[in-house]
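Read off the chains here:
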Amino acid sequence: MSDDPSTQADAAATAAERVEAAAERVAAAQSIVVLTGAGISTDSEIPDFRGPKGVWTKNPGAEKMATLQHYLAEPDVRRRAWRSRRDSPVWNAEPNIGHRALLRLEELDKLSLLITQNIDGLHHAAGSDPKRIVEVHGSIREVVCMSCAFRAPMEHALDRVDAGEDDPPCLEC
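Residues numbered from 1 in each chain as written. Predicted model: local features only at pLDDT ≥ 70, side-chain atom pairs only at ≥ 80, totals over all residues. Heavy atoms only, no water.

**Details of the packing of helix α4 (residues 75-86) against helix α7 (residues 154-162)**
As a packed pair, α4 and α7 sit with axes 10 Å apart at the nearest point and diverge in direction by 110 degrees. As the angle between them shows, α4 and α7 are arranged roughly perpendicular. α7 is crossed by α4, and the crossing has left-handed handedness. Between α4 and α7, the residues in contact are W82, R85 and R86 and M154, A157, L158, D159, V161 and D162, respectively. Taken together, the residues of the contact of α4 with α7 break down into 5 nonpolar, no polar and 4 charged. (Axes fitted to C-alpha atoms, helices over the stretch in contact; angles between N-to-C directions. Helix = DSSP H or I, 4+ residues; strand = E, 2+ residues; numbered from the N terminus. Parallel < 35°, antiparallel > 145°, perpendicular 65-115°, else oblique. Left-handed = near helix turned anticlockwise from the far one by under 90°. Contact = heavy atoms within 4.5 Å. Nonpolar A, V, L, I, M, F, W, Y, C, P; charged D, E, K, R; others polar.)

In structure tokens:
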């Protein structure tokens, strides 16, 4: 940005005008669908993936833990993924102003659907209606067996990891 104060003032005015225009559109809308990604949770101290401080930027090998073909085929990837889940900042994260703003849209009966790529569960923690949330990549808060579709809270599997199982198998199949 320029050091010229008049240029900075123009940019601020333009930004304020865009915010005002967006607020008018939201007020006039009857139904809003929102798509969120990792960026909404960075203020909750959950790193994104591809940004300058992103998980995959800092550790390119970490992407394998999020790729189903690698996860299923490589036991070492699964073992690292279990440790990563255990140590995830998600467990101490709280919803931030972005999550609460979306909840406010819901309370105003404007938000019809909230589609998220995030697995952190913070939209749920903020109080959003689970019927309006679509978690495209699932949730870190639940385990699902890829063979028999057994489901359980993640805590059950992480307790087994804490007890010494590196790659806990499904207890049902």
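**With respect to the pairing of strand β1 (residues 32-36)**
Burial of β1 is one-sided: the residues I32, V34 and T36 facing one way are buried, the residues V33 and L35 facing the other way are not. Bridging between β1 and strand β2 (residues 111-116) involves 5 bridges; their strand directions are parallel. Across the sheet, the residue bridging to I32 is L111, located in β2. (Buried < 20%, exposed > 50% of the residue type's maximum accessible area, 1.4 Å probe, protein only. Pairing = 2+ DSSP bridges.)

**Overview of the packing of aromatic side chains**
Applying the stated criterion across every chain, the model contains 1 aromatic pair. When the centroid spacing of 4.7 Å and the interplanar angle of 45 degrees are considered together, the rings of F49 and W56 count as tilted. Using a relative accessible area of 15% as the deciding quantity, one classes W56 as buried. Its guanidinium or amino end placed over the ring of W82, R85 lies 4.3 Å from that ring's centre, counting from NZ or CZ. (Phe/Tyr/Trp six-rings, centres within 6.5 Å; stacked < 30°, edge-to-face > 60°. Lys NZ or Arg CZ within 6 Å of the ring centre and 35° of its normal.)

**Quick look at the pairing of β2**
Pairing of β2 with strand β3 (residues 133-135), which is carried by 3 bridges, proceeds in the parallel orientation. Bridge pairing in β3 places I115 opposite V134.

**Some thoughts on the side chain of N118**
Considering the arrangement of structural elements, one finds N118 in the loop between β2 and α6 (122-126). Polar contacts involving the side chain of N118 include one to the main-chain amide nitrogen of A38, which spans 3.1 Å. Setting aside residues no more than four positions away along its own chain, N118 makes contact with T36, G37, A38, I40, S41, E135 and G138. (Polar contact = N/O pair within 3.5 Å; in protein donor to acceptor, adjacent residues only side chain to side chain.)

Taken by themselves, the reported measurements are silent on function.
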